[in-house]
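Chains, contacts and geometry: an overview
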Amino acid sequence: MSKPRILTGDTPTGKLHLGHYVGSVENRVAMQDAYDCYFIIANKHAFTTRADKPGEIRQSVIDIATDYLACGIDPAKSTMFIQSEVPAIDELTFFFAILIPFNRVMRNPTLTQEIKDKDLGDKYPFGFPMYAVGQCADILAFRPELVPVGEDQIPHLELTREVARKFNQLYCGVNSKTDDKDNIKAGGLFPIIAPKLGRIKRLVGIGPPGADGNLLKMSKSLNNAIFLSDTAAEVEKKIKGMYTDPNRLRVTDPGETDPAKNPLWAFHETFNTDTAWIDDHREQYKNGKVGDVVIKRKLMDVINELIEPIRTKRKHFEDRPDDVIDALRVGTKKANVIAEETLALTKKAMKQDYFSRELKIER
Ligand code: ATP
Ligand code: MG
């Protein structure tokens, strides 16, 4: 019996960080046995914000694949692949772009937030909003059952659901009143996919807060991340300089300080498994009995303990770049089989199935 399929992935705009780990990667590693997993490295999407840095994007593709292997993603079980080497995804992107109104794409709150956070102003290329449509194709090309992601991806998944419904209704004769879960049974090609959120839906960055005073999400592009590849000394330096809520000094005045808002505590709650330590020290911190230094020191130990085995495994693969490329090539070959099949079914449903074709990936 074939296993249910999962699709998820990352944009190669840097290396993987702690947010990826708790938001998605942890889930992926845990699901590799029960699911047929596809992990996309979305290199075309990286070009939408950094077209002038092709070398960095190339390096980041390798870095992310190395991070996957270091975190325990096993290429014998899971398929990791490069988006730009799966042409069916692009072909689906055009068909899907036809199904969504332009204004609907621009209302996607994740795009709006990214434009703000990454300071893109009104200078972003046409390809930037296009990536939201492309992401529908990244996902639907694999007709997966589940998509494990962080919270920021929910709007993208909602768009994907809308595209799938529209396609099924327009080209597969599915009634618009059909329940999402019954779309395939009713003859639809595309499943209406549910997101699967990680243990932590949105890990904040190490600061500083954004213009509105709120902490930004930990992001590769925002210079606020602790990377899975950081050395112990780098981790210590970052935590030492980590933003903490300045109001913590006014703890005598209840209501003035919300320690939960302090990223230090968000990190402890996410990574420190010693809950008794957290409860005890949070109380002391609230009452001004311990300061940032003690809490930060402990956090350094906790994070370094988590990252150390990843670091060791990463070193192994850094020394064997051919193994990383091999895993990507084998995965890309496999990904093309499914994506080509989906594209053929798509064209058939759209009555544009004139010829059959075969795609070959070679070294
Ligand atoms: P960029 O800054 O280039 O957008 P990113 O750090 O946001 O990079 P992505 O490649 O966009 O990373 O996201 C990959 C996956 O990791 C997505 O599923 C996303 O939801 C999840 N993710 C990213 N950052 C976080 C975070 N801080 N907390 C939880 N999940 C996250
Ligand atoms: Mg992102």
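Numbers given for residues are sequential positions, taken from 1 along each chain in its written order. Labels follow written order: the first chain is A, the first ligand is 1, and so on. Note on the predicted model: pLDDT of at least 70 is required for a residue's local features to be given, and 80 or more for side-chain atom pairs to be given and counted; whole-chain, interface and lining totals, by contrast, use all residues. To obtain the side-chain values, all non-hydrogen atoms of the structure were included, while hydrogens and water were left out.

A word on the pattern of salt bridges
A pairing counts as a salt bridge when a side-chain nitrogen of Lys or Arg comes within 4 Å of a carboxyl oxygen of Asp or Glu. Here the structure, examined in full by the defined rule, presents 30 salt bridges. Residues Asp10 and Arg28 are paired through a salt bridge, measuring 3.0 Å at the closest nitrogen-oxygen approach. Taken together, the positions of Asp10 in strand S1 (residues 5–10) and Arg28 in helix H1 (residues 18–31) put the pair 18 residues apart, joining distant regions of the chain. Of the charged contacts, one joins Arg314 and Asp63 as a salt bridge, the two residues approaching to 3.8 Å between their closest N and O atoms. Here the residue Arg314 occupies a position in helix H12 (residues 292–318), and Asp63 occupies one in helix H3 (residues 54–71), the gap between them amounting to 251 residues. Here a strand is any run of E in DSSP of at least two residues, a helix any run of H or I of at least four, and the numbering for each starts at the N terminus.

As for the site of ligand 1
Thr13, Asp152, Lys217, Lys220 and Ser221 are the nearest of the 21 residues found near ligand 1. Polar contacts here mean pairs of N or O atoms no more than 3.5 Å apart (in protein, one a potential hydrogen donor and the other a potential acceptor; neighbouring residues in sequence count only if both atoms are side-chain atoms). Here His17 contributes a side-chain N or O atom positioned 2.8 Å from an oxygen atom of ligand 1. Within the backbone of Gly150, a nitrogen or oxygen atom sits 2.8 Å from an oxygen atom of ligand 1. Out of a free accessible area of 600 Å², ligand 1 has 95% covered by protein chains. Of all the elements in the fold, those that place two or more residues in the shell around ligand 1 are S1 and H1. Here a residue is considered near a molecule or strand provided that any single heavy atom belonging to it is located within 4 Å of it. Residue exposure ignores everything except the shown protein chains as possible cover, and the areas themselves are Shrake-Rupley values with a 1.4 Å probe.

Some remarks on the domain arrangement of the protein
Domain limits in this description derive from either an automatic procedure or a database domain assignment. With domains assigned, the protein is organised as domain 1 (5–198 + 320–349) and domain 2 (204–317). One C-alpha centre belongs to domain 1, the other to domain 2; they are set 30 Å apart. Contacts between residues were defined by any pair of non-hydrogen atoms, one from each residue, lying within 4.5 Å. Contacts between the two partners involve 26 residues from domain 1 and, on the opposite side, 23 residues from domain 2. A quick way to say it: buried area is the sum, across both parts, of accessible area lost when two parts are put together, with a 1.4 Å probe. Both sides of the domain 1 and domain 2 interface together cover about 2200 Å² of buried area, and 64% of this is carbon and sulfur. Inspection of the region where domain 1 meets domain 2 yields two salt bridges. At the level of elements, H1, H3 and helix H13 (321–349) are the ones that each hand at least two residues to the side of domain 1 that touches domain 2. For this scheme, ten residues count as nonpolar: Ala, Val, Leu, Ile, Met, Phe, Trp, Tyr, Cys and Pro. Four count as charged, namely Asp, Glu, Lys and Arg, and the remainder, Gly too, count as polar. Partitioned by chemical class, the residues of the side of domain 1 that touches domain 2 number 10 nonpolar, eight polar and eight charged.

Some words on H1
Between its first and last C-alpha, H1 extends 19 Å over 14 residues, near the 20 Å set by a 1.5 Å rise per residue. Among the 14 residues that make up H1, 11 are buried, leaving the element largely enclosed by the rest of the structure. Accessibility here uses a 1.4 Å probe with only protein chains present; expressed as a share of the type maximum, an area under 20% marks a residue as buried, one over 50% as exposed, and anything in between as partly exposed. For H1, the set of buried residues is Leu18, Gly19, His20, Tyr21, Val22, Gly23, Ser24, Val25, Asn27, Arg28 and Met31. How far a helix is expected to stretch is found by multiplying one less than its residue total by 1.5 Å.

Considering the pairing of strand S2 (residues 36–41)
For S2, the tally of buried residues reaches six of six residues, placing the bulk of the element in the interior. Only strands joined by at least two bridges in the DSSP assignment are considered to pair. As paired elements, S1 and S2 share six bridges and run parallel to each other. When the sheet's bridge partners are listed, Leu7 is paired in S2 with Tyr38. Alignment of S2 against strand S3 (residues 79–82), held across four bridges, turns out to be parallel. For Ile40, the partnering residue across the bridge sits in S3 and is Phe81.

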